[in-house]
Amino acid sequence: MNTAPRLSSTWFDGQSPRAQACELCIEGSVLVLTVNGSERRYPVRQVRWAERRSHGQRQSELPDGSLIQHADAGEWDAWRQASGQREGAVVGWMQSWRATLVAMGASVVFLGAAWTWGVPWLSQTLAQQVPRSLEARLGEQGLQQLDRLFLQPSALPAQQQQALRERFTSAVERAHPQGDAPPWQLSFHQSKALGANAFALPGGYIVITDDLVKLLADQPDAVVGVLAHELGHVHHRHGLDLMVRASLISALVGVVLGDTSGFLATVPATLATQAYSRDAERAADTFAARLLHESGTSPSVMVAFFERIQQQEQQGGEDEEEGEGTALPIAISSHPDHVERIRFFKEWRPD
Ligand SMILES: [Zn+2]
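Remember, it's a predicted structure, so these values are computed and weren't measured experimentally.

Chemist: Honestly, the overall build of the chain in this entry has me stumped. Any pointers?
Modeler: The helix and strand tally for the chain stands at twelve helices and ten strands. Across the 351 residues that make up the chain, the buried fraction comes to 30%.

Have a look at this one:
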């Protein structure tokens, strides 16, 4: 004698819109549906059970395309429970584990493709659309944050700062007589964390550290070259591109995981944690080489910079402070491949 709980419900055969009275009961792993005295049997695992929601009717799909509709959600849930079925959503998930795996796989593939092609393209496109005023504000905020984290006021004599500023201004003007260079603002800072370094932020904020100025004290043209490299990042809007990319990634992850709370939260940290791509560095180096050349200086002056940075790294081997240079991956001393870049600036010729 079968004691499985029974439920009177309504059934649609999947072809006609006519509701038919039916009776349901679950016998082991089989759902038995009785309509007009005839029995239909379905494996429980193949039924797409109604998801458990707080209210509304319950609708379940059967493997032959027919439907069960039950108006009273409470009654339905009680019957499911009495039949030894677990919570709808969990059962649904377990039954559709194949679909879940496929969906997860598709998400990974989608994210991979988006990461590889879509995001760089989209972020560059979007970065080009950001108005100058917003770009400047982002850079200003970024500089304030980095200032709190890494920077102290410069101890260089004002005269020395002014001389370098003028030297760079004049090089930029000679290389861009039409005034088509991006706007920039140079500031000098001491920084324990960054060591001898320089970096640029959106909006043309360029920072050079006292240590780097001292390292190149007898090579002012190399300082110009370093600043030109940073101006190249400004020109190509690489910092903005990083910010846009970070918000796109967190948006994508948010869409896939169904959580958008982290959407904009990651943006401020981006500049402090991300590095520019090799392509971006090459573009900034090319910009610097051209600027040096067109201002009447040989791009090979940059060799002194790379050699001294390299020397410093080797000397610093013993008491290597964790984070020196790498404290800010977008900063110039954090860029890899000194040897390759020395060759680039030695061999660069105008096209
Ligand atoms: Zn760079």
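Chemist: Please clarify how the pairing of strand 2 (residues 20-27) should be interpreted in this entry.
Modeler: Both faces of the sheet carry side chains from a regular strand, because those side chains alternate between them. When strand 1 (residues 6-12) meets strand 2, the two strands line up antiparallel, connected through six bridges. Directly across from serine 8, in strand 2, lies its bridge partner glutamate 23. What sits between the antiparallel neighbours strand 2 and strand 3 (residues 30-35) is a turn of two residues, in which glycine 28 has the positive phi angle 65°.

Chemist: Looking at this structure, how should I read the sheet that holds strand 1?
Modeler: The pairing of strands in a sheet happens through backbone hydrogen bonds and is either parallel or antiparallel. An order of 4-3-2-1-6-5 is seen for the six strands of this open sheet, with the pairing classed as antiparallel. In this open sheet, the two strands that pair with only one neighbour each are strand 4 (38-43) and strand 5 (58-61). This sheet shows a mean twist of 35° between the axes of neighbouring strands, independent of strand direction. Where strand 3 and strand 4 come together, six bridges link them in antiparallel fashion. Across the sheet, residue leucine 31 finds its bridge partner in strand 4, namely tyrosine 42.

Chemist: Help me understand the environment of phenylalanine 150 in this model?
Modeler: In this structure, phenylalanine 150 sits in helix 4 (residues 132-150). With 44 residues separating them in the primary sequence, phenylalanine 150 and leucine 194 have C-alpha atoms 7.1 Å apart. Once residues within four sequence positions are removed from consideration, phenylalanine 150 is found in contact with Ser191, Ala193, Leu194, Ala327 and Leu328.

Chemist: Sorry, what's going on with the pairing of strand 10 (residues 205-209) here?
Modeler: Across the five residues that make up strand 10, a large majority, five, are buried. Along strand 10, one buried face is formed by Tyr205, Val207 and Thr209 and the opposite face, lined by Ile206 and Ile208, is buried too. Judged from the five bridges that link them, strand 8 (residues 185-190) and strand 10 form a sheet pairing that is parallel. By the bridge assignment for strand 10, phenylalanine 188 is matched with isoleucine 208. In the sheet, strand 9 (residues 198-201) pairs with strand 10 via four bridges, with the strands oriented antiparallel. Within the sheet, the bridge partner assigned to alanine 198 lies in strand 10 and is isoleucine 208. As consecutive antiparallel partners, strand 9 and strand 10 are separated by three residues, and within that stretch glycine 203 has a phi angle of approximately 85°, a positive value.

Chemist: Would you mind showing me how to read the confidence of the model for the chain here?
Modeler: Low-pLDDT portions of the prediction should not be read for the details of their coordinates. Taken as a whole, the chain shows an average pLDDT of 84; of its residues, 83% reach a score of 70 or greater. Mean pLDDT across the secondary structure elements of the chain bottoms out at helix 2 (residues 88-95), with 52, and peaks at helix 5 (residues 158-175), with 97.

Chemist: Just to check I follow, could you spell out the nonpolar core for this structure?
Modeler: The nonpolar side chains of a soluble globular protein tend to be buried, and buried together. Within the largest apolar cluster, 52 residues are counted, with the highest numbers of intra-cluster contacts made by Ala198, Ile208, Val226 and Leu227. No other element matches the eight residues that helix 7 (residues 220-235) contributes to this core. With residues up to four places along the chain from it excluded, the contact list for valine 226 reads Ala198, Ile208, Leu212, Phe305 and Ile332.

Chemist: In this structure, what is going on with the sheet that holds strand 8? I would like to understand it.
Modeler: If you walk across this open sheet you meet the four strands as 7-8-10-9, and the pairing is mixed. In this open sheet, the two edge strands, each paired with only one partner strand, are strand 7 (152-153) and strand 9. By the bridge criterion, two bridges tie strand 7 to strand 8 in an arrangement that is antiparallel. Considered in strand 8, the bridge of glutamine 152 is made with glutamine 190. Packed onto the sheet, helix 7 meets strand 8, strand 9 and strand 10 and runs at close to 25° relative to strand 9.

Chemist: Looking at this structure, I do not really get helix 7. What am I missing?
Modeler: What sets the pattern is the α-helix's 3.6 residues per turn: residues three or four places apart point alike. For helix 7, built from 16 residues, the straight-helix expectation of 22 Å at 1.5 Å per residue is met to within 8% by its first-to-last C-alpha distance of 22 Å. Among the 16 residues that make up helix 7, 15 are buried, leaving the element largely enclosed by the rest of the structure. At the exit of helix 7 stands arginine 237, carrying a positive phi of roughly 55°.

Chemist: Help me understand the environment of leucine 134 in this model?
Modeler: Here leucine 134 shows up in helix 4. Distance in space between the C-alpha atoms of leucine 134 and proline 202 is 9.3 Å, their sequence separation being 68 residues.

Chemist: Can you walk me through the packing of helix 7 against helix 11 (residues 302-315) in this structure?
Modeler: Axis angle and axis distance: for two packed helices, these are the angle between their axes and the distance between the axes, and together they describe the pair. The geometry of helix 7 relative to helix 11 is characterised by a closest axis approach of 7 Å and an angle of 85° between their N-to-C directions. In terms of their interaxial angle, helix 7 and helix 11 are classed as roughly perpendicular. Contacts between helix 7 and helix 11 involve Ala222, Gly225 and Val226 on the former and, on the latter, Met302, Ala304 and Phe305. In terms of residue class, the contact of helix 7 with helix 11 is built from five nonpolar, one polar and no charged.

Conventions we followed
Residues numbered from 1 in each chain as written. Predicted model: local features only at pLDDT ≥ 70, side-chain atom pairs only at ≥ 80, totals over all residues. Helix = DSSP H or I, 4+ residues; strand = E, 2+ residues; numbered from the N terminus. Buried ≥ 20, exposed ≤ 12 C-beta atoms within 10 Å, placed from the backbone. Pairing = 2+ DSSP bridges. Axes fitted to C-alpha atoms, helices over the stretch in contact; angles between N-to-C directions. Contact = placed C-beta atoms within 7 Å. pLDDT = per-residue confidence, 0-100. Core = buried A, V, L, I, M, F, W, Y, C linked by C-beta atoms within 7 Å. Expected span 1.5 Å × (residues − 1). Parallel < 35°, antiparallel > 145°, perpendicular 65-115°, else oblique. Nonpolar A, V, L, I, M, F, W, Y, C, P; charged D, E, K, R; others polar.

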